[in-house]
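Below, each chain spelled out in residue letters.
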Amino acid sequence: MARPLDVVLVTASRLPRPDEGDGPLRAALAAEGLKADTRAWDDPTVDWASTRAAVIRSTWNYVQNHDAYLAWLDRCAAATDLWNPLPILRWNSHKRYLVELAGRGLPVVPTKLATAGSRLSDLAGDWSDVVIKPAVSAGSFQTIRVSRDRFDEGQRHLDQANRDMLVQPYLDSVDGYGERACVWIDGAFTHAVRKTARFAGDLQRVSEAVPVADDERALGERIIAAVPGRLLYARVDLARDSEGRPCLMELELIEPSLFLDRSEAACTRLASALATLVRCPAGR
């Protein structure tokens, strides 16, 4: 009988591109003696009970199939160890979490949740330049930027969306300093990259690993501490406001690119953490 898989890296049946970190991670898992493979969440032939751990990696089509994806998460968590844990994945799949974290006093890019019938001019207030994006989103799906003289275009985008949307001010610092994507693996900060602004149809542009400022790292630690339960991985996307203070753009706990090809140490730490989870599941 074939040895069961230790780890499945969960992807989607159709992707715009592969995740660049998949290859390095699989090599690191092999170095730990773990048998790993990649499977699609939306492949009905997969037996999720045949692996000791399922790690969400690139399930990026879930934005078009949110209800089906949540139902699959429930089934997968019942069959095997799912990482990150099920309650965190469900919570993080809808970006209302930004409003919740702001309500707890954490510095978050001002965020308004737009539902059916919302008026952009009311939500934006005195913001002159805004970003509009779905509350359930991956990559730059249906994400646009509009200035006040194009709010009519933004309103049409809201009206046609047929889904919960977010409205946020555009932060000018993203054009110069850029957005920092800071990665934590199994509770420890490992690396950060600089990202440029990305809207619908844009390619993602990401730097090599860059130093992270002390205030950015400290904020990332505060944000992660606000999430109950163990996190196998976390990506904290930060930008600086008009006063130069870091604030949360997104907390990525469900399917983020972790830019593992930029950090061998992150790959090694993730594989080591998975080895511990697979061999000592009661240690969760």
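Structure's up top.
Reading the values: the criteria
- Per-chain numbering applies: the sequence of each chain, read as written, is numbered from 1 onward.
- Under the rules for a predicted model, residues below a pLDDT of 70 receive no local features and side-chain atom pairs below 80 are neither given nor counted, while totals for whole chains, interfaces and linings still include all residues.
- As a rule here, side-chain values cover all heavy atoms of the structure and leave hydrogens and water aside.
- DSSP-based pairing: two strands are paired if at least 2 bridges between them are found.
- Numbering of helices and strands runs from the N terminus; a helix is a DSSP stretch of H or I covering at least four residues, while a strand is a stretch of E covering at least two.
- Lines are fitted to the C-alpha atoms to define the axes, a helix being fitted only along its stretch in contact, and any angle between axes, read from their N-to-C directions, falls within 0 to 180 degrees.
- We call two residues in contact whenever any of their non-hydrogen atoms come within 4.5 Å of each other.
- Buried residues of nine kinds, namely Ala, Val, Leu, Ile, Met, Phe, Trp, Tyr and Cys, make up a nonpolar core once their side-chain atoms join them within 4.5 Å.
- For the exposure calls, accessible area comes from a 1.4 Å probe over protein chains only, and a residue counts as buried if that area is under 20% of its type's maximum, exposed if over 50%, partly exposed in between.

**Q** Would you take a moment to explain the sheet that holds strand S1 (residues 5-11) for this structure?
**A** In any sheet, the strands associate via hydrogen bonds between backbone groups, in a parallel or an antiparallel arrangement. Strand order in this open sheet of four strands is S2-S1-S3-S4, and the pairing throughout is parallel. Whereas interior strands pair on both sides, the edge strands pair on one side only; in this sheet they are strand S2 (36-40) and strand S4 (81-83). The mean angle between the axes of side-by-side strands here comes to 25 degrees, regardless of whether they run parallel or antiparallel. For S1 and S2, the ladder comprises five bridges, and the chain directions are parallel. Note on S2: the bridge partner recorded for Val 8 is Asp 37. Of the strands in this sheet, S1, strand S3 (51-56) and S4 touch helix H2 (residues 66-79), which is tilted by about 150 degrees from S3.

**Q** Looking at this structure, I do not really get the nonpolar core. What am I missing?
**A** Generally speaking, soluble globular proteins have nonpolar side chains that are buried together. Counting residues in each nonpolar core, the largest one holds 48 residues, and the members touching the most others are Val 7, Leu 29, Ile 56, Trp 72, Leu 232 and Leu 274. Listing elements by their share of this core, those giving two or more residues are S1, helix H1 (22-31), S3, H2, S4, strand S9 (179-185) and helix H9 (264-279). If you tally residues by element for this core, the top one is H9, at nine residues. If sequence neighbours within four positions are ignored, Val 7 has contacts with Leu 29, Leu 34, Lys 35, Ala 36, Asp 37, Thr 51, Ala 53, Val 55, Leu 274 and Val 278. Listed in part, the 24 residues of the second largest apolar core include Ile 88, Trp 184, Phe 189 and Val 227.

**Q** What exactly am I supposed to notice about the sheet that holds strand S13 (residues 246-252) here?
**A** Ordered by their spatial adjacency, five strands build an open sheet running S11-S10-S9-S12-S13, and the pairing between neighbours is antiparallel. The open sheet has two free edges, formed respectively by strand S11 (206-209) and S13, since each of these has just one partner strand. Here the average twist between neighbouring strands, direction ignored, is 30 degrees. Pairing geometry for strand S12 (residues 233-240) and S13, over six bridges, is antiparallel. Residue pairing for S13: Asp 237 is matched across the bridge by Glu 250. H9 rests against S9 and strand S10 (188-195) of the sheet, and its axis sits at about 135 degrees to S10.

Worth remembering: the numbers are spatial, not functional.
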